[in-house]
Every structure is written in structure tokens, then in C-alpha cells.
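Structural features, examined
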Amino acid sequence: MQVISKWRLFNFHLFSVVPQFTKLPQIPISQYPNPKKTHLYINASASRTFKSSSEASILAKKVLFIPPGVEPEDITEDMILPGSNIVVGPYAGDAKIKEVDFVKSSNKPKDCPKDELPEFAMLGRSNVGKSSLINSLVKKKEVALTSKKPGKTQLINHFLVNKSWYIVDLPGYGFANASEAARMDWSSFTKGYFLNRDTLVSVLLLIDASVPPQKIDLDCANWLGRNKIPITFVFTKCDKMKGGKAKRPDQNIRDFHELIRENYKHQPPWIMTSSVSGLGRDELLLHMSQLRNYWNNE
Ligand SMILES: Nc1nc2c(ncn2[C@@H]2O[C@H](COP(=O)(O)OP(=O)(O)OP(=O)(O)O)[C@@H](O)[C@H]2O)c(=O)[nH]1
Ligand SMILES: [Mg+2]
């Protein structure tokens, strides 16, 4: 298994991604020179695997995202992507982006491309970094337009990757100076897309990790959960360290998990990223590859 053996290179500990259940010594992510080795937590003594412990297997089911084709008791810690709760399974592969083409902007869900290719939709608060993440994933500066001014992306924008799948840039929700009418418009427009788009493999719900959990993000996560829309939490701006008493990204992420935990029977996948440092980029692409390849094989 080539993909898995790649991840064996990382000396990554299972218990480093179990924030809610363990109290482990913490090291701020800024202290890691290599983003690939960035962990939320480090526990020097935790070099166990799940194999020998049924307790650990139950814990794995509660906190890890276990993809199709993987049994909880077969998980070893080196199968977990760094800075995430995502286990890499047999469907992962072909993650590299070789080419990307902007296809179209649609202002109604029914105008979106009809070629049945799988797609991932970027959703999140205005200014959370959706367009920046797309640019970072495709390694091009100006594929998706970014701006300091919230509300830059107003349409459903389809980008075709490797001529075989789409990344979709959506308008941000909840920007403070939008009128109530504009907000309502956003919600019927985008909700229509989520509820009717059969080719949607997963929503990537972007959450700004440089600020404490926001009600609007929690509401959105809960709405998607209630409507059984597959979701991956992508924490953005993990490079941003605010001074003073502000919480660090890893603490904000832990607080966010704490608040949504009871709404999810199974842990949705989550991953830490930064469009500035490239943290989580390759890992997110690998995760998307396993969801996509499974979707294609279904
Ligand atoms: N430090 C840091 N800044 C970021 C990161 N990602 C985005 N930004 C900044 O955040 C601002 C908003 O980024 P966009 O990518 O335009 O955000 P968006 O979610 O597409 O915004 P809308 O299109 O308005 O919904 C820009 O100033 C980016 O440079 C990140 O990972 N780290
Ligand atoms: Mg945008």
C-alpha cells in the first residue's frame, strides 16, 4: 500500500489528535518548523497503536474519521494525517493537482455544470479564507479572487481540476454589514445548492481558527449535520497567533469541537490549514482523494 507507507514516514502519535479526551502537554503549533509535523498536542510516551486495545478502538470510533475500507481495530497511528483526525484508507491516491480550469459562475443552483463529476464545495463565513484556500490547493495565486473586503465571492464558481472533479467557491455567509434581505437571499440560494446537488462529495466548512468559535459557524455546522450533508471541517488561518490573552488556534479548535460534539454521532473529519504557510495542504488533498475515489467507485 503505497499511500499508507508514505504516511509512515511521519512520526505521528494517535493520541496527539484526541483533544477532548486527554490532557496532554501542549506545544504551540508555531514552534514547529516543519508544517508536516505540526500536531495539536504532543505526548512523548504515546507510541501505542490501536491494535492491542479494544478501549482504544472505541475511542478511535468516537474521535477519528474512519474512511470506507478501514476497520477501527486495524488503525495504526501512522495512518492518521498530521494536524487532523483523518485516517487514510485504501481509496486514497491520485491527490496531485496537475491542471485547473475555471468553468463558470452560476447565480442559481440549477445553472451549475451538469456533467455529473464529483465536487467539493468551500463554505464559510465571509473572509474566512475560502478563495485563498482554493488558490493554495491549486498552487496558483489568482485562480479564485481574494479580498480583504468581505463578500468578494458572490456567485457559485466551478473550477475543474484534472478534467475530472470540481472545487466550488461559494459566497461567504454572515458578513456583518449585509442587510437582512441579502442574508436571507444567501441562505435560500446556497441552501438550495446543498440540498439538490447530487454530485456533492463533501462540503468543506471553513472555520477561522484564529478567533473563538462563532455562533454562525456552529449554526451552519448544525444545519448541515441535520440535513445529512457530508462535511469536513477545515480550520483556516492556523498560522495566525494573536498576542495578549487571545487564545491560540489549537485552543479555539478544541473549544469548537467541544461545542459541536453532541450534535454528531460520528466525528466528521477535521483538519488544520494555513494558506500562508501551506500547512495541511497536501493532507487535505489526500483526504479529498479518498472521498472522491470512493464516490467514483460507489
Ligand atoms: N494569516 C492568514 N490570512 C489568511 C489566510 N487565508 C486567508 N487569509 C486572509 O484573509 C482575507 C480573506 O481571504 P479570502 O480568501 O478572500 O476569503 P473568502 O472566504 O474567500 O471571502 P469572501 O469571498 O468574501 O467570502 C484575505 O486578506 C487573506 O489574505 C491564512 O491561512 N492565514
Ligand atoms: Mg472568496
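Residues numbered from 1 in each chain as written. Chains lettered and ligands numbered in written order. Predicted model: local features only at pLDDT ≥ 70, side-chain atom pairs only at ≥ 80, totals over all residues. Heavy atoms only, no water.

- Named according to an unreviewed UniProt entry, the protein chain is EngB-type G domain-containing protein originating from Anisodus tanguticus.
- Among the UniProt annotations of the protein chain, the heading Cofactor (unreviewed entry) holds the following wording: "Mg(2+)".
- Quoted verbatim from the Sequence similarities (unreviewed entry) field of UniProt, the annotation for the protein chain is "Belongs to the TRAFAC class TrmE-Era-EngA-EngB-Septin-like GTPase superfamily. EngB GTPase family." (UniProt positions renumbered as here; feature names shortened; annotations may be inferred.)

**Regarding the sheet that holds strand S4 (residues 165-169)**
- Here seven strands make up an open sheet; going across it, the order is S1-S3-S4-S2-S5-S6-S7 and the pairing mixed. What marks the edges here is a single partner per strand, and that holds for strand S1 (100-106) and strand S7 (270-272). Looking at each pair of strands side by side, their axes are set apart by 25 degrees on average, direction ignored.
- One ladder, built from six bridges, connects strand S2 (residues 119-124) with strand S5 (residues 200-208); its direction is parallel. Each residue of the ladder has a partner; that of Phe-120, found in S5, is Ser-202.
- Sitting on the sheet, helix H5 (residues 215-226) touches S2, S5 and strand S6 (231-236), and the angle it makes with S5 is about 165 degrees. (Pairing = 2+ DSSP bridges. Helix = DSSP H or I, 4+ residues; strand = E, 2+ residues; numbered from the N terminus. Axes fitted to C-alpha atoms, helices over the stretch in contact; angles between N-to-C directions. Contact = heavy atoms within 4.5 Å.)

**Focus: the confidence of the model for the protein chain**
- Across the protein chain, pLDDT averages 76, with 72% of residues at or above 70.
- Here residues 1-50 is modelled with pLDDT under 50, and outside its nearest four sequence neighbours on either side it reaches 111 contacts, counting other chains as well.
- Across the whole predicted complex the pTM is 0.80, and at the interface the ipTM reaches 0.98. (pLDDT = per-residue confidence, 0-100.)

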